[in-house]
Amino acid sequence: TPGAVLTPWRDNVSAVLNLFLAGEETGTAWSRVVFGDIAPSGRLPIMFPASEADTIRPSVFTDAVPYKEGLFTSYRNPSFRAAYPFGHGLTYTSFSYGEPQVILGQGCRGRKCFSVNITNVGVFSGTEVVQVYLEFPSAGSDTPKLQLRAFQRTGLLQPR
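Please read all numbers here as calculations on a predicted model, not as lab measurements. (Residues numbered from 1 in each chain as written. Predicted model: local features only at pLDDT ≥ 70, side-chain atom pairs only at ≥ 80, totals over all residues. Heavy atoms only, no water.)

Colleague: Could you clarify how one ought to interpret the layout of surface pockets in this entry?
Modeller: Remark: the empty space left among the atoms is shown by a probe the size of a water molecule rolled over them. Size it by volume and the largest pocket reaches roughly 770 Å³. Around the largest pocket sit 28 residues that line it, and Val16, Leu17, Asn18, Pro40 and Leu90 are the ones nearest its centre. Here the element with the most residues in the lining of the largest pocket is helix α1 (residues 26–34); it accounts for four residues. Per-class residue counts for the lining of the largest pocket are 18 nonpolar, seven polar and three charged. The space that makes up the second largest pocket amounts to roughly 550 Å³. In terms of lining residues, the second largest pocket is bounded by 18 residues, among which Cys113, Phe114, Ser115, Val132 and Ala150 are the most central. (1 Å grid on protein atoms, 1.4 Å probe; cavity = no way out; pocket = protein on both sides within 12 Å on 5 of 7 lines; lining within 4 Å. Points joined across faces, edges and corners; volume = space filled by probe spheres on them. Helix = DSSP H or I, 4+ residues; strand = E, 2+ residues; numbered from the N terminus. Nonpolar A, V, L, I, M, F, W, Y, C, P; charged D, E, K, R; others polar.)

What follows is the structure, encoded as structure tokens:
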């Protein structure tokens, strides 16, 4: 799919797979995941809404489409409920996160850098995508309070 879809049937199925716009190797990708040759490791780049009420309504205007929601789309809109939230993704294994550590110096190019140990505590090899969200409690009314600020995929982690 090129975008979010409603999934009112989600409680009646064992799994939901989505490759978005996978291109000419879609069949190969599907077969490798379904038959366990490779673990799924993608994350949703959008939120799948829980219901139609959790979507941005189309404009009733014919000449122009106003973009009134600004930055308050997907996970940044506190009034939307998600069936599958932005950044959601499952794989065939499980991971444990250590306590985040602040890094000073050591090549940190930002105002603050963090490091966290990720351990594969499952049975299969896999990769994890660490996502860093910051909350801005005193953000103005035009700025979402919760924002994704960084993400990083691990290398292939073997089970312990």
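Colleague: It is not clear to me how the environment of Val130 should be interpreted in this structure. Could you clarify?
Modeller: Counting through the fold element by element, Val130 comes out in strand β7 (residues 129–135). Accessibility expressed as a relative area gives 16% for Val130, which makes it buried. Through-space distance from the C-alpha of Val130 to that of Gln152 is 5.3 Å; in sequence the pair is 22 residues apart. Once residues within four sequence positions are removed from consideration, Val130 is found in contact with Tyr97, Val116, Ile118, Ala150, Phe151 and Gln152. (Buried < 20%, exposed > 50% of the residue type's maximum accessible area, 1.4 Å probe, protein only. Contact = heavy atoms within 4.5 Å.)

Colleague: Help me understand the pattern of salt bridges in this model?
Modeller: Taken as a whole and judged by the stated rule, the model has two salt bridges. Taking the shortest distance from any N to any O, the salt bridge between Arg43 and Glu128 comes out at 2.5 Å. Of this pair, Arg43 sits in the loop between α1 and β1 (48–49) while Glu128 is found in the loop between β6 (118–120) and β7, placing the two residues 85 residues apart along the sequence. Exposure remark for Glu128: the relative accessible area of 11% places this residue in the buried category. Residue Asp54 pairs with Arg81 through a salt bridge whose shortest N-O separation is 3.7 Å. (Salt bridge = Lys/Arg side-chain N within 4 Å of Asp/Glu carboxyl O.)

Colleague: What is the right way to look at the packing of aromatic side chains in this model?
Modeller: The geometry of an aromatic ring pair comes down to the distance between the two centres and the angle between the two planes. By the definition in use, this model includes four aromatic pairs. Arranged with centres 6.5 Å apart and planes meeting at 80 degrees, the rings of Phe48 and Tyr84 form a pair that is edge-to-face. Of this pair, Phe48 sits in strand β1 while Tyr84 sits in strand β2 (residues 82–84), placing them 36 residues apart in sequence. Aromatic side chains Tyr75 and Tyr133 sit 5.5 Å apart centroid to centroid with 80 degrees between the ring planes, which places their arrangement in the edge-to-face category. With Tyr75 in the loop between β1 and β2 and Tyr133 in strand β7, this residue pair connects regions lying 58 residues apart in the sequence. An aromatic cluster of at least three residues, connected via ring pairs, comprises Phe20, Phe48 and Tyr84. (Phe/Tyr/Trp six-rings, centres within 6.5 Å; stacked < 30°, edge-to-face > 60°.)

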